[in-house]
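Below, each chain spelled out in residue letters.
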Amino acid sequence: MTTAAPTSSRDLPHPERTEIRLEAVLHALSDPMRLLVVRELAADGDELSCSHFDLPVTKSTTTHHFRVLREAGVIRQVYRGTAKMNGLRRDALDDLFPGLLDSVLAAAARQAARLGGIGGS
């Protein structure tokens, strides 16, 4: 997969809209921690900094999860000052895979209500 080339050392590579693949998106959403991040971004509707997320994993694992989401095209990450901000690429996902994100988010909410625990927020 080719990604948009960073324009500076602080720009992060993201797949172009045309390069986002369904299997990569589904893989990214298959992990409970990554799904939790996406649920929080969808609920907030705006950009959130990495430090906003209090995932019960190490910092390096958190970084890995954000990278998987970014490389799959699920989120866009940009630096704003010293903060790395994360935003859901809802428009791209909805255009490419109509209904997918809403269906996954609704299913995750139902599961969280049913099971509680991870993703229960």
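Right above here is the structure, for reference.
About the thresholds
Residues numbered from 1 in each chain as written. Predicted model: local features only at pLDDT ≥ 70, side-chain atom pairs only at ≥ 80, totals over all residues. Heavy atoms only, no water. Helix = DSSP H or I, 4+ residues; strand = E, 2+ residues; numbered from the N terminus. Polar contact = N/O pair within 3.5 Å; in protein donor to acceptor, adjacent residues only side chain to side chain. Contact = heavy atoms within 4.5 Å. Salt bridge = Lys/Arg side-chain N within 4 Å of Asp/Glu carboxyl O. Buried < 20%, exposed > 50% of the residue type's maximum accessible area, 1.4 Å probe, protein only. Phe/Tyr/Trp six-rings, centres within 6.5 Å; stacked < 30°, edge-to-face > 60°. Pairing = 2+ DSSP bridges. Axes fitted to C-alpha atoms, helices over the stretch in contact; angles between N-to-C directions. Parallel < 35°, antiparallel > 145°, perpendicular 65-115°, else oblique. Left-handed = near helix turned anticlockwise from the far one by under 90°.

Overview of the side chain of Asn-86
Here's step 1: If you trace the backbone, Asn-86 turns up in strand β3 (residues 83-88).
Here's step 2: One polar contact links Asn-86 to Gln-77, side chain to side chain, over a distance of 2.7 Å.
Here's step 3: Excluding its chain neighbours within four sequence positions, the residues that come into contact with Asn-86 are Leu-41, Asp-46, Glu-47, Leu-48, Ser-49, Cys-50, Phe-53, Phe-66, Ile-75, Arg-76 and Gln-77.

Regarding the pattern of salt bridges
Here's step 1: In this structure the tally under the stated criterion is six salt bridges.
Here's step 2: Between Arg-17 and Asp-95 there is a salt bridge, and its shortest N-O distance comes to 2.5 Å. In this pair, Arg-17 sits in the segment before α1 (22-29) while Asp-95 sits in helix α4 (residues 90-96), placing the two residues 78 residues apart along the sequence.
Here's step 3: The class of Arg-17 is partly exposed, set by a relative accessible area of 36%.
Here's step 4: Two residues, Arg-90 and Asp-102, come together in a salt bridge whose shortest N-O distance is 2.9 Å. With Arg-90 in helix α4 and Asp-102 in helix α5 (residues 100-115), this pair connects stretches of sequence that are twelve residues apart.
Here's step 5: A relative accessible area of 25% means that Arg-90 is categorised as partly exposed.

Points about the packing of aromatic side chains
Two aromatic rings are characterised by how far apart their centres lie and by the angle between their planes.
Here's step 1: Enumeration over the complete set of coordinates arrives at one aromatic pair.
Here's step 2: With a centroid separation of 5.4 Å and an interplanar angle of 65 degrees, the aromatic rings of Phe-53 and Phe-66 are classed as edge-to-face. Taken together, the residues Phe-53 in the loop between β1 (48-49) and α3 (59-72) and Phe-66 in helix α3 connect sequence positions 13 residues apart. Comparing Phe-53 with Phe-66, the two get one shared label, buried.

Some points on the pairing of β3
Here's step 1: Note that β1 and β3 share two bridges and pair antiparallel. In the strand pairing of β3, Leu-48 is matched with Asn-86.
Here's step 2: Relative to β3, strand β2 (residues 75-80) is paired through six bridges, and the arrangement is antiparallel. Among the inter-strand pairings, Val-78 is bridged to a residue of β3, identified as Met-85.
Here's step 3: Between β2 and β3, which pair antiparallel and follow one another directly, the connecting turn spans two residues, one of which, Gly-81, has a positive phi of 65 degrees.

Describing the packing of α1 against α3
Here's step 1: Closest axis-to-axis distance for the α1/α3 pair is 9 Å, and the angle between their directions is 155 degrees. Looking at the two axes, α1 sits roughly antiparallel to α3. Crossing hand, α1 versus α3: left-handed. Residue-level inspection shows Ala-24, Val-25, His-27 and Ala-28 of α1 in contact with α3, the latter providing Val-68, Leu-69 and Ala-72.

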